[in-house]
Amino acid sequence: SDYSKEPPRHPCLQINSKEPFNAEPPRSALFRSYVTPVDLFYKRNHGPIPVVDDIERYSVSVSGLVENPKMLSMKDIRMLPKYDVTATLQCAGNRRTAMSKTRTVKGVGWDVSAIGNAVWGGAKLADVLELVGVPKLSSSSKSGGKHVEFVSVDRCKEENGGPYAASIPLIQATNPEADVLLAYEMNGEPLNRDHGYPLRVVVPGVIGARSVKWLDSITVIAEECQGFFMQKDYKMFPPSVNWDNINWNTRRPQMDFPVQCVICSLEESNAVKPGKVTVSGYAASGGGRGIERVDVSFDSGKSWVEASRYQKPGIPYVSDDERCDKWGWVLFEATADVHTNTEIVAKAVDSSANVQPENVEDIWNLRGILNTSWHRVQVRVGH
Ligand code: MTE
Ligand code: MO
């Protein structure tokens, strides 16, 4: 594989793997702005960043179990109505490093920043599928298609040098309310190479692995995509499953991400002066579920205060308020007096009353995915 054509990157990124390039920003980059700047947005790759330089010749094929297969140029895609969707992308491996402290897991180590919130601009997949003869809100196409597969132009070793691929159910792909995008902009700028130039899928509310970058083809298929990243990865196993007794077929590919919340204004361990301590961070849930509440404890979980929640300044965050972003994360803040060494803990509740597990041990899994355990940071008080 050829890593000689990688794009330039921000020096503040913490590099977890160089080839393929996997990197996350410092915690402080996350809570400082509701929309994560592109250069500080985490980058998660499985191979070299492909070079797409002839944009005039670039096209996406849309075919499979459809009436009217088409090759779409960027011009064709730009002619469709453009939507700007604010959505949080989170890697299923976010917080893996903390899970590996229980027992070894397989996968790239991530602190808490394999997540970001961006404004994605592009066409709705539902509109694109309509162009090839699949109407809105179809659970099945006329010829029996039930899933939509996305294949990239990149090359990864897990696919034996083949491209990265994933699929989502047709009913989600054809639902305009699900806001699945073919995005060519990120935060109002053309998508850059790291994030999928010239075109990527964004599946809001679903683990990042399904948001295929550098899109090459869209295929309506009868069965779910059989690619490595759907069938042999990104599945949640119970703590009893190890590499000797694993049977991949017993689990479904992970889609929605569960409710998550992280303190970003403090590191794992911190020295503070006695007095008021303010903690800030993010909370997010999958499937379009909002954040109902964030609880913060300044005494290791003995007592809790409710944090304030916000997305945009001046607009109070309420999960079903039209002025709030359904797919965007929620930032939170809580303040208390701290006079002795302590552990500060945060946990969120989503709009379906889902809560986070208290301990990482209970959700340990061999791939180290979906660590959504209560987030804890240590504080030492110095005078
Ligand atoms: N798409 C392609 N083509 N190749 C990849 O390696 N990684 C996936 C997804 N899409 C990947 C991909 C994973 S696991 C995640 S979490 C997101 O892209 C990361 O997107 P980002 O790098 O824009 O943050
Ligand atoms: Mo990921």
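Note: the structure precedes this text.
Parameters and conventions
- Residues numbered from 1 in each chain as written.
- Chains lettered and ligands numbered in written order.
- Predicted model: local features only at pLDDT ≥ 70, side-chain atom pairs only at ≥ 80, totals over all residues.
- Heavy atoms only, no water.
- Helix = DSSP H or I, 4+ residues; strand = E, 2+ residues; numbered from the N terminus.
- Rg over C-alpha atoms; globule rule 2.2 N^0.38 Å.
- Buried < 20%, exposed > 50% of the residue type's maximum accessible area, 1.4 Å probe, protein only.
- Contact = heavy atoms within 4.5 Å.
- Areas by Shrake-Rupley, 256 points an atom, 1.4 Å probe, with all protein chains shown as cover.
- Lys, Arg positive; Asp, Glu negative; His and termini not counted.
- Charge placed at Lys NZ, Arg CZ, Asp CG, Glu CD.
- Pairing = 2+ DSSP bridges.
- Near = heavy atom within 4 Å.
- Polar contact = N/O pair within 3.5 Å; in protein donor to acceptor, adjacent residues only side chain to side chain.
- 1 Å grid on protein atoms, 1.4 Å probe; cavity = no way out; pocket = protein on both sides within 12 Å on 5 of 7 lines; lining within 4 Å.
- Sits in = over half its atoms within 2 Å of the grid points.
- Nonpolar A, V, L, I, M, F, W, Y, C, P; charged D, E, K, R; others polar.
- Points joined across faces, edges and corners; volume = space filled by probe spheres on them.
- Axes fitted to C-alpha atoms, helices over the stretch in contact; angles between N-to-C directions.

Peer 1: How do you make sense of the overall build of the protein chain when you look at a structure like this?
Peer 2: For the protein chain, the helix and strand inventory stands at six helices and 22 strands. The C-alpha atoms of the protein chain give 21 Å as radius of gyration, which agrees with the globular expectation for 383 residues (21 Å, within 12%). Seen through its principal axes, the protein chain has C-alpha atoms that stretch 70 × 50 × 40 Å. For the protein chain, the proportion of its 383 residues judged to be buried stands at 57%. Taking as baseline every contact in the protein chain between residues at least 6 positions apart, the subset at least 24 positions apart corresponds to 72%. Per element, the accessible surface of the protein chain, about 16200 Å² overall, is 50% carbon and sulfur. Looking at the protein chain, you have 44 positive and 46 negative side-chain charges, and the mean spots of the two groups are 3 Å apart.

Peer 1: Whenever I open this one, the pairing of strand β1 (residues 14–17) confuses me. Can you help?
Peer 2: Residues in a regular strand project their side chains so that they alternate between the two faces of the sheet. In this sheet, strand β2 (residues 22–24) lies alongside β1 in antiparallel orientation, the contact comprising three bridges. The residue of β2 that forms the bridge with S17 is N22.

Peer 1: Is there a simple way to think about the site of ligand 1 in this case?
Peer 2: Taken together, 20 residues surround ligand 1, and among them Y42, H46, H195, R200 and K213 come closest. At 2.8 Å, a side-chain N or O of D154 approaches a nitrogen atom of ligand 1. Between ligand 1 and H195, the relevant distance is 2.7 Å, taken from an oxygen atom to a side-chain nitrogen or oxygen of the residue. According to the grid-proximity analysis, the pocket containing ligand 1 is the largest cavity. Considered class by class, the residues forming the shell around ligand 1 number nine nonpolar, six polar and five charged.

Peer 1: Explanation requested: the environment of L65 in the structure shown.
Peer 2: On the secondary structure map, L65 appears in the loop between β4 (59–64) and β5 (70–73). Not counting the four nearest positions on each side in its chain, L65 is found in contact with S141, S143, G144, G145, V220, I221 and A222.

Peer 1: Is there a simple way to think about the layout of surface pockets in this case?
Peer 2: Leftover empty space is mapped by rolling, across the atoms, a probe with the size of a water molecule. Put simply, the largest pocket is a space of about 350 Å³. A total of three residues in the lining of the largest pocket trace back to one element, the largest contributor, which is strand β22 (residues 375–381). Classifying every residue of the lining of the largest pocket gives five nonpolar, six polar and nine charged.

Peer 1: Any chance you could explain the sheet that holds strand β19 (residues 308–310) here in plain terms?
Peer 2: In any sheet, the strands associate via hydrogen bonds between backbone groups, in a parallel or an antiparallel arrangement. In space, the four strands of this open sheet follow the order β14-β16-β20-β19, with antiparallel pairing throughout. Sheet topology places β14 (260–263) and β19 at the edges, where each strand pairs with a single neighbour. Going across the sheet, the axis of each strand differs from the next one's by a mean of 25°, ignoring polarity. In this structure, β14 lies alongside strand β16 (residues 275–284), joined through four bridges in antiparallel fashion. Looking across to β16, one finds that C261 is bridged to A283.

Peer 1: Would you explain empty space enclosed by the protein in this entry?
Peer 2: Scanning the entire structure with this criterion turns up three cavities of 30 Å³ or more. The computed volume of the largest cavity comes to approximately 240 Å³. In terms of lining, the largest cavity is formed by 21 residues, of which the most central are R44, R200, G208, S211 and K213. Its residues assigned to classes, the lining of the largest cavity shows ten nonpolar, six polar and five charged. In this structure, the second largest cavity encloses a volume near 60 Å³. The residue makeup of the lining of the second largest cavity, split by class, is seven nonpolar, four polar and three charged.

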